Amino acid sequence: MSGSPMPQPRNASERALVAMARLPRIVPVLAVLVLMGVGAFVPTYGWIATAIVALFFVWILSLSWPRLTGVEKLMRFAVIVFVAAIAVIQSRPR
């Protein structure tokens, strides 16, 4: 055992990251896939699930922003724009 205890999370983002770190790595991936599937196949309110995925990606990007290179920032931003555009298109009535 080490002599220094683990530092306590200071805010909600850190607490959420600690909780996600305890999960198997496949769980967040499956959660995103399930939400995108719900967004694709639920006709009226499926866009909400897609918007949740976009917000999750924005949150992850904001946390990782300082460590990313320019190309990595651009690619992640492009994915967020793409998912957000899907949510906006889904939210419009036909």
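Just above, that's the structure.
Residues numbered from 1 in each chain as written. Predicted model: local features only at pLDDT ≥ 70, side-chain atom pairs only at ≥ 80, totals over all residues. Heavy atoms only, no water.

A closer look at the packing of aromatic side chains
Now for step 1: With the rule as written, the count across this model stands at two aromatic pairs.
Now for step 2: Plain terms: the ring middles of Phe-56 and Phe-57 are 6.1 Å apart, the flat faces sit at 45° to each other, and that makes the pair tilted.
Now for step 3: For Phe-56, a relative accessible area of 24% puts it in the partly exposed group.
Now for step 4: Judged by relative accessible area, Phe-57 falls into the partly exposed class, the value being 24%.
Now for step 5: For the ring pair Phe-56 and Trp-59, a centre distance of 5.9 Å and an interplane angle of 45° mean the geometry is tilted. Of this pair, Phe-56 and Trp-59 both sit in helix H3 (residues 46-64), separated by three residues, roughly a single helical turn.
Now for step 6: Each residue in the set Phe-56, Phe-57 and Trp-59 is aromatic and connected to the rest through ring pairs, giving one cluster. (Phe/Tyr/Trp six-rings, centres within 6.5 Å; stacked < 30°, edge-to-face > 60°. Buried < 20%, exposed > 50% of the residue type's maximum accessible area, 1.4 Å probe, protein only. Helix = DSSP H or I, 4+ residues; strand = E, 2+ residues; numbered from the N terminus.)

Considerations on the layout of surface pockets
Now for step 1: A volume near 170 Å³ is recorded for the largest pocket.
Now for step 2: In terms of lining residues, the largest pocket is bounded by 13 residues, among which Gly-39, Val-42, Pro-43, Gln-90 and Arg-94 are the most central.
Now for step 3: Broken down by secondary-structure element, the contributors of at least two residues to the lining of the largest pocket are helix H2 (26-41), H3 and helix H4 (70-91).
Now for step 4: Among the residues making up the lining of the largest pocket, the classes are represented as seven nonpolar, four polar and two charged. (1 Å grid on protein atoms, 1.4 Å probe; cavity = no way out; pocket = protein on both sides within 12 Å on 5 of 7 lines; lining within 4 Å. Points joined across faces, edges and corners; volume = space filled by probe spheres on them. Nonpolar A, V, L, I, M, F, W, Y, C, P; charged D, E, K, R; others polar.)

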